[in-house]
Amino acid sequence: MALLAAPIPPTRCPGTRRSATRRSAFYGNLRRPLYPVIKSDSVDPVRNPYAPGAGQRPPELAGRDRELQQFEVVLERVARGRPERSMVVTGLRGVGKTVLLNTFKSMAIQRLWGTGKIEARPDQSIRRPVAAALHMAIRELAPRHRGPERIDEFLGVLKAFAMRDPGAAKGTSHWSPGIDVPASRGRADSGDLEIDLTELFVDAASVATDLGVGIALFIDEMQDVPALDVSALCAACHELSQTSGRLIVVGAGLPHLPSVLSASKSYSERLFRYARIDRLDREAADLALIAPAQEEGVAFTPEALDALYEAADGYPYFVQAYGKVAWDLAPRSPITAEDIKVSAPEAEEELAVGFFGSRYERATPAERDYMHAMAQLGDEPVPTADVADALGRKPSSLSPARDSLIKKGLIYSAERGQIAFTVPHFGRFLRAQPI
Ligand SMILES: Nc1ncnc2c1ncn2[C@@H]1O[C@H](COP(=O)(O)OP(=O)(O)OP(=O)(O)O)[C@@H](O)[C@H]1O
Ligand SMILES: [Mg+2]
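Let us look at the structure shown here. Predicted model, so just to flag it, every value in this text is computed and none were measured.

Calculation criteria
Residues numbered from 1 in each chain as written. Chains lettered and ligands numbered in written order. Predicted model: local features only at pLDDT ≥ 70, side-chain atom pairs only at ≥ 80, totals over all residues. Heavy atoms only, no water. 1 Å grid on protein atoms, 1.4 Å probe; cavity = no way out; pocket = protein on both sides within 12 Å on 5 of 7 lines; lining within 4 Å. Points joined across faces, edges and corners; volume = space filled by probe spheres on them. Helix = DSSP H or I, 4+ residues; strand = E, 2+ residues; numbered from the N terminus. Nonpolar A, V, L, I, M, F, W, Y, C, P; charged D, E, K, R; others polar. Buried < 20%, exposed > 50% of the residue type's maximum accessible area, 1.4 Å probe, protein only. Disulfide = S-S within 2.5 Å. Pairing = 2+ DSSP bridges. Axes fitted to C-alpha atoms, helices over the stretch in contact; angles between N-to-C directions. Contact = heavy atoms within 4.5 Å.

**Re the layout of surface pockets**
One number sums up the size of the largest pocket: a volume of about 850 Å³. Every residue lining the largest pocket is counted, 40 residues in all, and those nearest its centre are A54, G55, G94, T98 and R359. Among the secondary structure elements, those contributing two or more residues to the lining of the largest pocket are α4 (97-110), β2 (114-119), α14 (316-329) and α15 (337-360). Looking at the lining of the largest pocket, its residues break down into 16 nonpolar, 10 polar and 14 charged. Approximately 390 Å³ is the volume attributed to the second largest pocket.

**A word on the environment of T243**
Locating T243 in the fold gives a position in helix α9 (residues 227-243). Among the residues examined, T243 registers a relative accessible area of 47% and is labelled partly exposed. When the C-alpha positions of T243 and G81 are compared, they lie 9.0 Å apart, and in sequence the two are 162 residues distant.

**Brief notes about the state of the cysteines**
Counted under the stated rule, the structure contains zero disulfides. C234 forms no disulfide, and the closest cysteine sulfur to it belongs to C237, at a distance of 6.5 Å.

**Considerations on the sheet that holds strand β5 (residues 272-276)**
Read across the open sheet, the five strands follow the order β2-β3-β4-β1-β5; overall the sheet is parallel. Two strands in the sheet have a free side with no partner beyond their single neighbour: β2 and β5. Between one strand axis and the next, the sheet turns by 15° as a mean value, whatever way the strands run. Sheet topology note: the β2/strand β3 (residues 215-220) ladder contains six bridges and is parallel. Of the residues in β3, the one forming a bridge with E119 is D220. In this fold helix α8 (residues 193-210) packs onto β3 and β4 (247-253), with an angle of close to 115° to the strand it touches most, β4. Taken strand by strand, α9 contacts β3, β4 and β5, and its axis lies near 140° from that of β4.

Limitation: the analysis is restricted to geometry and does not speak to function.
This is the structure in structure tokens:
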């Protein structure tokens, strides 16, 4: 805050004196109109550290030490050629799966691994995205590799793999993988994704082995990978695990992802270590708020933290959302329970539009009816038969609405015959909506 509220000292910039003068004049003009808006000399909105938003890196990655340690072990074991299961992170919307996946990616990069990431989409084959991601991974490794011909050889296989995309084959697409070596023949180009992916992964892993590192392929929204591709992916991972190939597939997705994987290959449970991430406990949620605030010289009263935990319920997205608005509206440090009370309605309004509303709007009227019926039945997973009862319909007539809600990622089947929201507090949001 000192920058805006305190009298501005002459800017001391290591650059030229001239640019320093220009800078201070610029800030001098800005300061006056901003000061009354900020109204505080300690809780400065410009320095607000909280980051509500999909995949937004939180200022403090709280409560995820166990998962980080587990991934550290995975990296170390794979690098040593030890048999190891890869990791799949699952959880509800907004619990921090993407953020954790990105952190895993940074950890792999720190170990000089090659990395690539895709976000799966329903109805889209993973062939092209996987090709692009592995291209990125190899580009990271290539400058350190002593045998450029090995890299070119792999790129030739990668290009052949990418060009077997059904869209490209039909001539409906002029997409080119941007690889300027000729496509090779006879490897990873059969058109059968299971065979091709296996060969591609084995070759990529062997390039990484040359360097004594590994390759990590990250797949976000993994529950959206089409069924045939999931099966191919599991088969390729299975092959790699048998040969201790140094390539791992690390996934993230909604809570039903393990059942999507095991429906496709029964051995998938032995391929992946599932890490279910959830709400933060009280200590972690407090840390997520306090640690970034401390960096800026701002504190919370214990009662403010009580009120924030009650409001956010430990869900990381909500922790960031309530923390952000509370900071913006608090007149001074420490932030008090009264500040939380004043700011909560604004945070709720932002969540209603950005977090809940944007998802609700993706649903058709029939799907909305289905979700409203679910919401009336409570916040726990509910039997699909009860939803049908509540709507006075036959369960089979509701299958299309239910299936398309699952496809849209708004609900998931917690177990056979049961259904639940993927979005925390969504039932509460719906109950407050006019039907
Ligand atoms: N461990 C954490 N501590 C504090 N904040 C976190 C943590 N993890 C995630 N967040 C915050 O939560 C929000 C949601 O994170 P993210 O987008 O990774 O969730 P997600 O599980 O991928 O959600 P979705 O299923 O909608 O893709 C972000 O604003 C992020 O900054
Ligand atoms: Mg995500």
